[in-house]
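# Tertiary structure, described
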Amino acid sequence: MVDTTARDEAIEQGHTHLAMGELDHAEACYRKSTELDDNFFDGWQALAMTLLKLEKVKEAIGCGIKATMLEPNDLLAWTGLSQMYVRDGQIAEAEHAKGNARILSMGGKVTNL
């Protein structure tokens, strides 16, 4: 059973650290939130974007993929994943993610991951 209170506290602490520019501490908190709940979209998305800021691009991509798997119709998740792929030089993958974001921005749905 997921301890949602601990999970939510961990992500809130991560947000506080992120706001203070303490990226390493934010990363640790976001990791904790995903360890407490492997299906926690907000935790995976926050961890992915924090890892990107820390230049841990490959790991960020893995977390970004997990986020899009959990919420395939989240526009920001696909936009972030596209940015991660661009940073890693994976242009075809970036274009695919950007295309999914474009579909969502026009009110469509992503049906095939």
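Refer to the preceding data block for the structure.
This section reports on the structure supplied with the text.

Reading the values: rules and limits
- Residues numbered from 1 in each chain as written.
- Predicted model: local features only at pLDDT ≥ 70, side-chain atom pairs only at ≥ 80, totals over all residues.
- Heavy atoms only, no water.
- Salt bridge = Lys/Arg side-chain N within 4 Å of Asp/Glu carboxyl O.
- Helix = DSSP H or I, 4+ residues; strand = E, 2+ residues; numbered from the N terminus.
- Buried < 20%, exposed > 50% of the residue type's maximum accessible area, 1.4 Å probe, protein only.
- Phe/Tyr/Trp six-rings, centres within 6.5 Å; stacked < 30°, edge-to-face > 60°.
- Lys NZ or Arg CZ within 6 Å of the ring centre and 35° of its normal.
- Core = buried A, V, L, I, M, F, W, Y, C linked by side-chain atoms within 4.5 Å.
- Contact = heavy atoms within 4.5 Å.
- Axes fitted to C-alpha atoms, helices over the stretch in contact; angles between N-to-C directions.
- Parallel < 35°, antiparallel > 145°, perpendicular 65-115°, else oblique.
- Left-handed = near helix turned anticlockwise from the far one by under 90°.
- Nonpolar A, V, L, I, M, F, W, Y, C, P; charged D, E, K, R; others polar.
- Polar contact = N/O pair within 3.5 Å; in protein donor to acceptor, adjacent residues only side chain to side chain.

### Concerning the pattern of salt bridges
One pass over the full model with this rule turns up 8 salt bridges. Notably, a salt bridge pairs R87 with E55, separated by 3.1 Å at the nearest N-O pair. Linking R87 in helix α5 (residues 75–88) with E55 in the loop between α3 (41–53) and α4 (57–70), this pair joins segments that are 32 residues apart in sequence. Using a relative accessible area of 44% as the deciding quantity, one classes R87 as partly exposed. The partner of K58 in a salt bridge is D88, with the nearest N and O atoms 2.8 Å apart. On the criterion of sequence distance, the pair formed by K58 in helix α4 and D88 in helix α5 is long-range, its members being 30 residues apart. On the basis of relative accessibility, which here comes to 59%, the residue K58 falls in the exposed class.

### Overview of the packing of aromatic side chains
The final tally for this structure, using the stated rule, is 0 aromatic pairs. The ring centre of F40 lies 4.1 Å from the NZ or CZ of R7, which sits over that ring.

### A few points about the nonpolar core
Soluble, globular proteins show a tendency: their nonpolar side chains are buried together. If you look at the biggest cluster of nonpolar residues, it comprises 26 residues, and the most contacted ones within it are W78, L81 and M84. Those elements giving two or more residues to this core turn out to be α2 (23–36), α3, α4, α5 and α6 (91–105). Ranked by residues supplied to this core, first place goes to α3 with 7 residues. Look past the residues within four positions of L81 in its chain and what remains in contact with it is I61, G64, I65, T68 and A97.

### Some remarks on the packing of α5 against α6
With their axes 8 Å apart at the nearest point, α5 and α6 run at an angle of 160 degrees to one another. Relative to α6, the element α5 is oriented roughly antiparallel. In this structure, the crossing between α5 and α6 has a hand that is left-handed. Together, L75, W78, T79, L81, S82, Y85 and V86 of α5 and E93, A94, A97, K98, N100, A101, L104 and S105 of α6 make up the contact between the two elements. For the contact of α5 with α6, the residue count by class is 9 nonpolar, 4 polar and 2 charged.

### Let's talk about the side chain of E27
Residue position: E27 is located in helix α2. Residue E27 is classed as buried on the basis of its relative accessible area of 7%. A distance of 3.0 Å separates a polar atom in the side chain of E27 from a polar atom in the side chain of K56. Excluding residues that lie within four positions of it along the chain, E27 makes contacts with L47, T50, L51, L54 and K56.

### Considerations on the side chain of D37
Tracing the chain through its elements places D37 in the loop between α2 and α3. Every residue in contact with D37, bar those within four places of it in the chain, is listed here: V2, R7 and W44.

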